[in-house]
Amino acid sequence: MLNFTSKNDILPQLEKITPETPAKFGVMTAQHMVEHLIVLMKISTGKLNFPLSRSEESAESFKQQLIYTDMKFPKGVKAKGIPEDQPLPLRYENLEVAIDKLTSEIDDFHSFFTENPEQKTLHPVLNWLIYDEWKIFHSKHFTHHFEQFGVV
């Protein structure tokens, strides 16, 4: 699993990805994947907000499994309301710009929780998470998607 607290672990993996890097599973392109990671970074800092998409009991149960065990991030998880057979439209002009935005969001994430160490933010599937829980989530989530594109 990637060490999410260190950009030195993340940036070399991102540098291996090109617009032509094929996915081993799923429908996202490399740029879609990076943009997807940006969205989750923004959710973790409260820049984007989505309601809880399941019951609190179900969310807490899944959170306990994903965050507090060695469980890998599951393949095939679909966000509610997103088409299964096609990715969302791209927001950034190219992969390089998206990667720059992602690295900026990673910096914002660490700054946000350094300035607000007790803050909890809502994950739409896992319920409320604190900084340490988000670091575990992002480590597993980044690892999952870097495996999707064969760079870990």
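Residues numbered from 1 in each chain as written. Predicted model: local features only at pLDDT ≥ 70, side-chain atom pairs only at ≥ 80, totals over all residues. Heavy atoms only, no water.

## A look at the overall build of the chain
So, step 1. Scanning the chain from N- to C-terminus turns up five helices and two strands.
So, step 2. Against the globule reference of 15 Å for 152 residues, the chain gives a C-alpha radius of gyration of 15 Å, in line with a compact fold.
So, step 3. With respect to the three principal axes, the spread of C-alpha positions in the chain is 40 × 35 × 30 Å.
So, step 4. Of the contacts made within the chain by residues no fewer than 6 positions apart, 77% connect residues no fewer than 24 positions apart.
So, step 5. Counting only carbon and sulfur atoms, one obtains 51% of the accessible surface of the chain, whose full area is about 8,500 Å².
So, step 6. If you average the places of the 16 positive and of the 21 negative side-chain charges in the chain, the two averages end up 4 Å apart. (Helix = DSSP H or I, 4+ residues; strand = E, 2+ residues; numbered from the N terminus. Rg over C-alpha atoms; globule rule 2.2 N^0.38 Å. Contact = heavy atoms within 4.5 Å. Areas by Shrake-Rupley, 256 points an atom, 1.4 Å probe, with all protein chains shown as cover. Lys, Arg positive; Asp, Glu negative; His and termini not counted. Charge placed at Lys NZ, Arg CZ, Asp CG, Glu CD.)

## Description of the packing of helix H1 (residues 7–15) against helix H4 (residues 95–115)
So, step 1. Relative to each other, H1 and H4 sit at 170°, their axes nearing to 12 Å. With respect to H4, the axis of H1 lies roughly antiparallel. Taking contact as the criterion, the partners of Lys7, Ile10, Leu11 and Leu14 in H1 are, on H4, Ile99, Leu102, Thr103, Ile106 and Asp107.
So, step 2. Tallied by class, the residues present in the contact of H1 with H4 amount to six nonpolar, one polar and two charged. (Axes fitted to C-alpha atoms, helices over the stretch in contact; angles between N-to-C directions. Parallel < 35°, antiparallel > 145°, perpendicular 65-115°, else oblique. Nonpolar A, V, L, I, M, F, W, Y, C, P; charged D, E, K, R; others polar.)

## Quick look at the side chain of His110
So, step 1. Tracing the chain through its elements places His110 in helix H4.
So, step 2. Excluding residues within four positions of it along the chain, His110 makes contact with Phe4, Thr5 and Tyr131.

## Focus: helix H2 (residues 30–44)
So, step 1. Helix length check: H2 (15 residues) gives 21 Å between terminal C-alpha atoms against 21 Å at 1.5 Å per residue, within 8%.
So, step 2. Counted residue by residue, H2 has twelve buried out of 15 residues, so it is predominantly covered.
So, step 3. Listing the buried residues of H2 in full gives Ala30, Gln31, His32, Met33, Val34, Glu35, Leu37, Ile38, Leu40, Met41, Ile43 and Ser44.
So, step 4. Once H2 ends, the next one or two residues include Gly46, with phi positive near 80°. (Expected span 1.5 Å × (residues − 1). Buried < 20%, exposed > 50% of the residue type's maximum accessible area, 1.4 Å probe, protein only.)

## A short note on the environment of Phe142
So, step 1. Tracing the backbone shows Phe142 in helix H5 (residues 131–148).
So, step 2. Once residues within four sequence positions are removed from consideration, Phe142 is found in contact with Leu2, Phe4, Ile10, Leu37, Met41, Leu102 and Ile106.

## Some points on the environment of Thr18
So, step 1. Examined against the element boundaries, Thr18 turns out to sit in the loop between H1 and H2.
So, step 2. For the pair Thr18 and Glu105, spaced 87 residues apart in the sequence, the C-alpha separation amounts to 20 Å.

## Things to note about the nonpolar core
So, step 1. Formed by 35 residues in total, the largest nonpolar core has its most connected members in Val34, Leu102, Phe142 and Phe146.
So, step 2. Elements with a contribution of two residues or more to this core: H1, H2, helix H3 (56–68), H4 and H5. (Core = buried A, V, L, I, M, F, W, Y, C linked by side-chain atoms within 4.5 Å.)

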